[in-house]
Amino acid sequence: MKSTLATHSANQGEAIVAATEPARMKAATIRRYGGPEVVVIEDMPLPVAAAGEVRVRVCAAGVTVADARLRANHAPRGFGFLMRCITGLIRPRHPVFGMEFAGVVDRLGSGVAAFSPGQRVFGITGLKGGAHAEFLTIRADARLFPLPETLSAIEGAAFFFGGLTAADFLIDKGDVRPGDRLLINGATGSVGSAAIRIGRHLGAKVTAVARSENHGFALELGAHEAIDYRAGPLSGQWDVILDVMGTLPYRKAAPMLAPGGRLLPVTATLAEQVSYGLHARRRTHRITGGVVADKKSAMERLMGLHASGVHRPIVGVVLPFAEIAAAHDLAGSGHKRGNIVVRMP
Ligand SMILES: NC(=O)c1ccc[n+]([C@@H]2O[C@H](COP(=O)([O-])OP(=O)(O)OC[C@H]3O[C@@H](n4cnc5c(N)ncnc54)[C@H](OP(=O)(O)O)[C@@H]3O)[C@@H](O)[C@H]2O)c1
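Residues numbered from 1 in each chain as written. Predicted model: local features only at pLDDT ≥ 70, side-chain atom pairs only at ≥ 80, totals over all residues. Heavy atoms only, no water.

**Describing the sheet that holds strand S15 (residues 281-282)**
Strand order in the open sheet formed by seven strands is S12-S11-S10-S13-S14-S16-S15, with mixed pairing between adjacent strands. Bordering the open sheet on either side are strand S12 (225-227) and S15, each of which pairs with just one other strand. Pairing of strand S11 (residues 205-209) with S12 involves three bridges; the strand directions are parallel. Note that in S12 the partner of Thr207 across the bridge is Glu225. Taken strand by strand, helix H4 (residues 161-173) contacts strand S10 (181-185), strand S13 (238-243), strand S14 (257-265) and strand S16 (285-287), and its axis lies near 145° from that of S14. (Pairing = 2+ DSSP bridges. Helix = DSSP H or I, 4+ residues; strand = E, 2+ residues; numbered from the N terminus. Contact = heavy atoms within 4.5 Å. Axes fitted to C-alpha atoms, helices over the stretch in contact; angles between N-to-C directions.)

Structure representation (structure tokens):
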């Protein structure tokens, strides 16, 4: 159904309205926790841009391992109940998932001057999701930025998740320095593919861990060498171990850490996180884990890394929005290359 609305000026504190707009939109909803089959596409009312908000027509959205974990309530051991407390005990509190997106400004709520209709934008919605839909609303002063000319909408939708995590762990938590020997355990997915490039930019000598089928890809990204995790226990000495997949807790990583080495657990069980928090220094080693806060300043830093040629998201698979359940399946597989993006019709 279509409705016709008038166009107003944002400067007068009124909403800017497209000449015609659909009254409803398609959104992927998750109304109960479960496998990819619980993701269905529904008709929903268009969200309204409130004061200070922007309505974005979504062109593409990332489908991340976080989306898959939240959908399946599949968290690292110990985090399941905590995660449900945040996302909804019985069923998801916000049925439309999706945290990263790229699109076009469709409507401005009153008081918004920083964006204009038709402008290309990208950003992060956070835990409330909403990006797996044709339209979303977001505060103009939140995590929303103009999409650089150098990125397509598909790339924009894959820009932040892995890149922010890699930058936070390698730069802020790990303080990776030129000459550091860096092991990336889980090197070819969203986080790992960004970490290879950022690690190289920081001057590290990078060893990538992934299946041998992905070694050529890891070397192309800039890794100096690659190891297959199926070939037996890892052996060697590294100054920094970025444990993306959570298969190298300290007891396994310790023999591989050089004196003064740092373990950066991107994924860890609740018991490990608590233990690392209580005992961050062991022998000569330091362990720094935790959750990445998607701060605006970190997003700006990542855009800076893009502008200087360091960060460019890898998009492994693009699927039409209608196939979002398949995208969830891939996102939760633990074996994707780079990022998965759904393209809106
Ligand atoms: N702490 C935080 O704030 C934070 C933020 C973002 C993500 N994360 C976590 O980071 C993890 C990875 O996210 P992602 O999006 O990068 O995942 P992903 O895209 O699925 O990538 C998985 C990577 O791990 C490799 N891998 C699979 N099994 C492995 C094993 N047993 N040992 C070593 N490597 C293995 C895969 O290589 P092959 O394909 O060759 O098997 C691939 O390179 C998730 O657990 C996610 O929850 C945490």
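Still to come is the rest of the account.
**Some thoughts on the side chain of Thr29**
Counting through the fold element by element, Thr29 comes out in strand S3 (residues 24-30). Look at Thr29 and you get buried, because its relative accessible area is 0%. Setting aside residues up to four positions removed in sequence, Thr29 forms contacts with Val38, Val39, Val40, Glu42, Met44, Pro95 and Val96. (Buried < 20%, exposed > 50% of the residue type's maximum accessible area, 1.4 Å probe, protein only.)

**Things to note about a nonpolar patch on the surface**
Where nonpolar side chains cluster on the molecular surface, the patch consists of Phe81, Leu89 and Ile90 and spans about 360 Å² of accessible area. Take Ile90: it is sitting in the loop between helix H2 (80-87) and strand S6 (100-108). (Patch = residues over 30% accessible without salt bridge, like charges linked within 9 Å, V, L, I, M, F, W, Y side chains within 5 Å. Areas by Shrake-Rupley, 256 points an atom, 1.4 Å probe, with all protein chains shown as cover. Salt bridge = Lys/Arg side-chain N within 4 Å of Asp/Glu carboxyl O.)

**Structural notes on the confidence of the model for the chain**
With 94% of its residues at a pLDDT of at least 70, the chain reaches an overall mean of 92. Every residue in residues 1-19 is under pLDDT 50, and counting partners more than four places away or in other chains gives 38 contacts. (pLDDT = per-residue confidence, 0-100.)

**Some points on the packing of aromatic side chains**
The final tally for this structure, using the stated rule, is three aromatic pairs. Ring geometry for Phe122 against Phe159: centres 5.4 Å apart, planes inclined by 65°, an arrangement best described as edge-to-face. Placement of the pair is Phe122 in strand S7 (residues 120-124) and Phe159 in the loop between helix H3 (153-156) and H4, with a sequence separation of 37 residues. Residue classification places Phe159 among the buried positions, given a relative accessible area of 0%. Ring centres 4.8 Å apart and planes at 35° place the aromatic pair Phe122 and Phe160 in the tilted group. Note that Phe122 is positioned in strand S7 and Phe160 in the loop between H3 and H4, a separation of 38 residues in sequence. A residue is classified by how much of its surface remains accessible, and Phe122, at 0% relative accessible area, is buried. For Phe160, a relative accessible area of 0% translates into the label buried. An aromatic cluster of at least three residues, connected via ring pairs, comprises Phe122, Phe159 and Phe160. (Phe/Tyr/Trp six-rings, centres within 6.5 Å; stacked < 30°, edge-to-face > 60°.)

**Some words on helix H9 (residues 296-307)**
In this model H9 runs 16 Å from its N-terminal to its C-terminal C-alpha over 12 residues, within 8% of the 16 Å that 1.5 Å per residue would give. All of the buried residues along H9 are Ala298, Met299, Leu302, Met303, Leu305 and His306. Along the long axis of H9, the arc covered by the buried residues comes to 155°, so they all point the same way. Next to the buried residues of H9 lie S7, strand S9 (144-146), H4 and helix H5 (190-201). One or two positions beyond H9, positive phi appears at Gly309, with a value near 85°. (Expected span 1.5 Å × (residues − 1). Arc of directions from axis to C-beta.)

**Structural notes on the pattern of salt bridges**
As enumerated under the stated definition, the model contains 12 salt bridges in all. For the salt bridge of Arg55 with Asp106, the shortest nitrogen-to-oxygen distance reads 2.7 Å. Of this pair, Arg55 sits in strand S5 (residues 53-62) while Asp106 sits in strand S6, and the two are 51 residues apart along the sequence. The exposure class of Arg55 is buried, given its relative accessible area of 2%. Among the ionic pairs, Arg230 bridges to Glu213, the shortest N-O distance being 2.8 Å. Here Arg230 is found in the loop between S12 and S13, whereas its partner Glu213 is found in the loop between S11 and helix H6 (215-221), with 17 residues between them in sequence. Given a relative accessible area of 49%, Arg230 falls into the partly exposed group. Using a relative accessible area of 47% as the deciding quantity, one classes Glu213 as partly exposed. Linked through salt bridges whose partners overlap, the residues forming this network are Glu213, Asp228 and Arg230.

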